[in-house]
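# Examination of the molecular architecture
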Amino acid sequence: MSKTIQFGIVGTGTIAEFHAKAIASLPGVALAGVYSRNPEKAAEFAKRHGTAAAGSLQELLSLPGLDALCITTPSGSHAEAAIPALEAGKHLLCEKPLDVTLEKVDAIIAAAAKSGANLAAVFQMRFGAGAVRLKQAIEEGRFGRLTLCSCYIKWWRSQEYYDQGAWRGTRELDGGGVLFNQGIHGIDLLQWLVGMPEEVQARVATLAHERIEVEDTAAAVLRFPNGALGVIEGATSAWPGFSTRIEITGDRGSAILENDRLVFWKFADERPEDATVVDAGEAKLGSGASDPKAISIEGHRRQIEDLANSIREGRRPAVRGEDARNAVRIILAIYEAAGKGAPVRL
């Protein structure tokens with residue numbers, strides 16, 4: 001139980017910094033090495049974080065005592081590193097999405113099942129105190145029959161943001177636009193809270209940016225198996241950027257979650273503790289509404305800690321690969337519905 005879990009990182013972009021800092025903040029966890037296709041960036045990253053730069057993925061996987069990898073490369077290249085790592089028996093924490101097609105996602109999940117290694121996906125919003133409290137209230141049936149379950153991710157990204165990385169805004173490596181890159185966190189949280197929708201209708205558009213192949217604005221209407229309806233709005237075209245917002249309503253209660261802070265909480269069957277819920281959330285995870293670097297390391301710290309503990313304890317991680325598939329499925333259904341101009345059943 002006291003074993004130090006050795007992590008490697010594949011990729012040296014912005015999000016890799018959050019993984020490295022989160023690893024450094026945790027007792028019983030250490031950064032063993034890093035690999036990037038760009039040797040200079042790998043060397044600079046390794047020097048900055050006091051670790052080794054591997055010359056290849058295989059060299060990283062061969063480091064003595066390496067237990068797990070964090071995959072932080074562009075979305076459409078996750079499978080390239082994830083599958084060899086799992087085949088080598090390494091546990092994995094993969095940034096969202098697992099990959100940008102269901103075929104690649106399923107291949108990663110299958111590799112994990114075959115190897116027996118743990119496959120975890122980065123969806124740190126599930127770890128927030130407000131989200132956990134909201135999940136508990138839904139499971140307790142406090143909302144009665146759910147009627148509207150919606151998610152709003154109306155953020156802003158400048159043209160410079162897309163221009164800084166050649167992979168950003170491309171179908172091949174970004175997979176899609178706001179939904180796959182920014183909105184996926186809120187979409188995953190919504191389906192974690194209330195389950196998968198059974199049907200979607202949608203429209204997507206590119207309205208505020210140039211030289212990108214994907215949407216910066218999206219709107220979808222959802223229908224859930226119990227008859228509840230919902231909306232997903234996603235944008236990187238909404239200046240200056242707004243808090244991610246989850247709204248859950250039912251015939252016995254309603255709640256609104258903004259950046260893990262519960263700002264509305266009201267039920268027909270009141271409890272004494274309800275009076276302390278509003279504005280009581282930790283809200284420690286930060287927000288990337290207008291700046292992707294504005295999030296804190298707290299969400300990644302909690303996920304890395306969970307994976308490390310799952311390795312020590314011989315259990316599954318809190319956010320498994322199979323769980324991460326759901327958000328990809330919803331997003332791809334939204335794109336399909338938008339392309340057809342007709343409802344799509346999941």
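Preceding this paragraph is the structure being described.
Notes on the structure follow. Being a predicted model, the structure only gives us computed values, none of them experimental. (Residues numbered from 1 in each chain as written. Predicted model: local features only at pLDDT ≥ 70, side-chain atom pairs only at ≥ 80, totals over all residues. Heavy atoms only, no water.)

## Some thoughts on the nonpolar core
In globular proteins that are soluble, nonpolar side chains generally tend to be buried together. Ranked by internal contacts, the top residues of the largest apolar core, which has 77 residues, are Leu69, Leu134 and Ile232. Top element by residues in this core is helix α10 (residues 321-340). It accounts for 10 residues. Not counting residues within four places of it along the chain, the set of residues in contact with isoleucine 232 comprises Cys151, Ile153, Leu179, Ile187, Leu190, Ala218, Ala219, Ala220, Leu222, Ile330 and Ile334. Membership of the second largest hydrophobic core comes to 22 residues, among which are Ile5, Ala16, Ile304 and Ile311. (Core = buried A, V, L, I, M, F, W, Y, C linked by side-chain atoms within 4.5 Å. Buried < 20%, exposed > 50% of the residue type's maximum accessible area, 1.4 Å probe, protein only. Helix = DSSP H or I, 4+ residues; strand = E, 2+ residues; numbered from the N terminus. Contact = heavy atoms within 4.5 Å.)

## Observations concerning the sheet that holds strand β9 (residues 217-223)
Strand order across the open sheet formed by eight strands is β13-β12-β11-β7-β10-β9-β8-β14, with mixed pairing between neighbours. One side of each edge strand has no neighbouring strand; the edge strands of this open sheet are β13 (261-267) and β14 (344-345). In terms of strand pairing, strand β12 (residues 253-258) meets β13 through six bridges, oriented antiparallel. Bridge assignment links leucine 257 to a residue of β13, and that residue is leucine 262. (Pairing = 2+ DSSP bridges.)

## A closer look at the pairing of strand β2 (residues 29-35)
The element β2 is extensively covered by neighbouring structure, given that five of its seven residues are classed as buried. As paired elements, strand β1 (residues 5-10) and β2 share six bridges and run parallel to each other. Bridge pairing in β2 links isoleucine 5 to valine 29. Between the parallel pair β1 and β2, the chain is carried across by helix α1 (residues 14-25), and the sense of this crossover is right-handed. Where β2 meets strand β3 (residues 52-53), two bridges bridge the pair, whose relative direction is parallel. Looking across to β3, one finds that valine 34 is bridged to alanine 53. Running through helix α2 (residues 39-49), the crossover from β2 to the neighbouring parallel element β3 is right-handed. (Right-handed = clockwise from strand over helix to strand, strands pointing away.)

## A word on the packing of aromatic side chains
For the coordinates displayed, the defined rule picks out four aromatic pairs. Aromatic pair phenylalanine 143 and phenylalanine 267: ring centres 4.9 Å apart, planes at 75 degrees, arrangement edge-to-face. Taken together, the residues phenylalanine 143 in the loop between α6 (129-139) and β7 (146-154) and phenylalanine 267 in strand β13 connect sequence positions 124 residues apart. Across this residue pair, the class does not change: phenylalanine 143 and phenylalanine 267 are buried. Linked through ring pairs, Phe143, Trp265 and Phe267 together constitute an aromatic cluster. Its guanidinium or amino end placed over the ring of phenylalanine 267, arginine 142 lies 4.1 Å from that ring's centre, counting from NZ or CZ. (Phe/Tyr/Trp six-rings, centres within 6.5 Å; stacked < 30°, edge-to-face > 60°. Lys NZ or Arg CZ within 6 Å of the ring centre and 35° of its normal.)

## Considering the packing of α1 against helix α9 (residues 298-313)
The contact between α1 and α9 brings their axes to 8 Å, and the two run at 60 degrees. Between α1 and α9, the angle is such that the two are oblique. In this structure, the crossing between α1 and α9 has a hand that is right-handed. From α1, Ile15, Phe18, His19, Ala22, Ile23 and Ser25 reach across to α9, where they touch His300, Arg301 and Ile304. Across the contact of α1 with α9, the residue classes tally to five nonpolar, three polar and one charged. (Axes fitted to C-alpha atoms, helices over the stretch in contact; angles between N-to-C directions. Parallel < 35°, antiparallel > 145°, perpendicular 65-115°, else oblique. Left-handed = near helix turned anticlockwise from the far one by under 90°. Nonpolar A, V, L, I, M, F, W, Y, C, P; charged D, E, K, R; others polar.)

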